[in-house]
Amino acid sequence: MVRQKVRASAIDLGLSLVDQTKVVTAASELARNTLVHAGGGRARIEILQQPGGRRGMRLTFSDDGPGIPDTRLALTDGWTSGSGLGLGLSGSRRLVDEFELDSEPGRGTVVTVTKWTR
């Protein structure tokens, strides 16, 4: 469902096919992390409009799960806390224009990504 809503928003925003694919892939990875590591959470899609006409979309994934003890390590390619390839967070970061990760043990996790039109 997240992939479909993000794709529809990206099309409405006018992102190129390549950028649509990037933001949908990042959203899919982040939604998967929320489900697998926290048992679920929330996803929010916002359309952004800056002065001068620049537009973009911001996706926020938040959960009340166990949190990430070492965010720097979690953003390292190949590191995984489970059985995945270890590319979810680091790969998502490469696919978007802006990436923020806020997490600590016992407090959950919030990941915010932004993709701008070109």
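If you're wondering where the values come from, they're calculated on a predicted model, not measured in any experiment. (Residues numbered from 1 in each chain as written. Predicted model: local features only at pLDDT ≥ 70, side-chain atom pairs only at ≥ 80, totals over all residues. Heavy atoms only, no water.)

**Notes on the sheet that holds strand 1 (residues 42–49)**
Working definition: the strands of a sheet are paired by backbone hydrogen bonds and lie parallel or antiparallel to each other.
Next up, step 1: Pairing is antiparallel in the open sheet, where 4 strands are placed in the order 1-2-4-3. The strands lining the two open edges of the sheet, one partner per strand, are strand 1 and strand 3 (98–104). If you compare each strand with its neighbour and ignore which way they point, the axes differ by 10 degrees on average.
Next up, step 2: Here strand 3 pairs with strand 4 (residues 108–116) via 7 bridges, running antiparallel. Note that in strand 4 the partner of D102 across the bridge is V110. (Pairing = 2+ DSSP bridges. Helix = DSSP H or I, 4+ residues; strand = E, 2+ residues; numbered from the N terminus. Axes fitted to C-alpha atoms, helices over the stretch in contact; angles between N-to-C directions.)

**Points about the pattern of salt bridges**
Next up, step 1: Applying the stated criterion to the full structure yields 9 salt bridges.
Next up, step 2: One salt bridge connects R44 with E46, and the closest N-O pair in it is separated by 3.6 Å.
Next up, step 3: By relative accessible area, R44 is classed as exposed at 52%.
Next up, step 4: Taking the shortest distance from any N to any O, the salt bridge between R118 and D97 comes out at 2.9 Å. Here R118, found in the segment after strand 4, pairs with D97, found in the loop between helix 4 (88–95) and strand 3; they are 21 residues apart in sequence, far enough to count as distant.
Next up, step 5: Relative accessible area serves as the criterion here: at 71%, R118 is assigned to the exposed category.
Next up, step 6: Given the relative accessible area of 32%, D97 is considered partly exposed. (Salt bridge = Lys/Arg side-chain N within 4 Å of Asp/Glu carboxyl O. Buried < 20%, exposed > 50% of the residue type's maximum accessible area, 1.4 Å probe, protein only.)

**Some points on the side chain of S90**
Next up, step 1: Inspection of the secondary structure assignment puts S90 in helix 4.
Next up, step 2: Excluding residues within four positions of it along the chain, S90 makes contact with L75, T76 and D77. (Contact = heavy atoms within 4.5 Å.)

**Describing the packing of helix 2 (residues 17–38) against helix 4**
A pair of packed helices is characterised by two quantities: the angle between their axes and the separation of those axes.
Next up, step 1: The geometry of helix 2 relative to helix 4 is characterised by a closest axis approach of 9 Å and an angle of 155 degrees between their N-to-C directions. The angle between the axes of helix 2 and helix 4 places the two elements in the roughly antiparallel class. The two elements helix 2 and helix 4 cross, and the hand of that crossing is left-handed. Contact residues: helix 2 offers K22, T25, A26, E29, L30 and N33, while helix 4 offers G88, L89, S92 and L95.
Next up, step 2: A class-by-class count of the residues in the contact of helix 2 with helix 4 yields 4 nonpolar, 4 polar and 2 charged. (Parallel < 35°, antiparallel > 145°, perpendicular 65-115°, else oblique. Left-handed = near helix turned anticlockwise from the far one by under 90°. Nonpolar A, V, L, I, M, F, W, Y, C, P; charged D, E, K, R; others polar.)

Remember, this is a structural readout, not a statement about activity or role.
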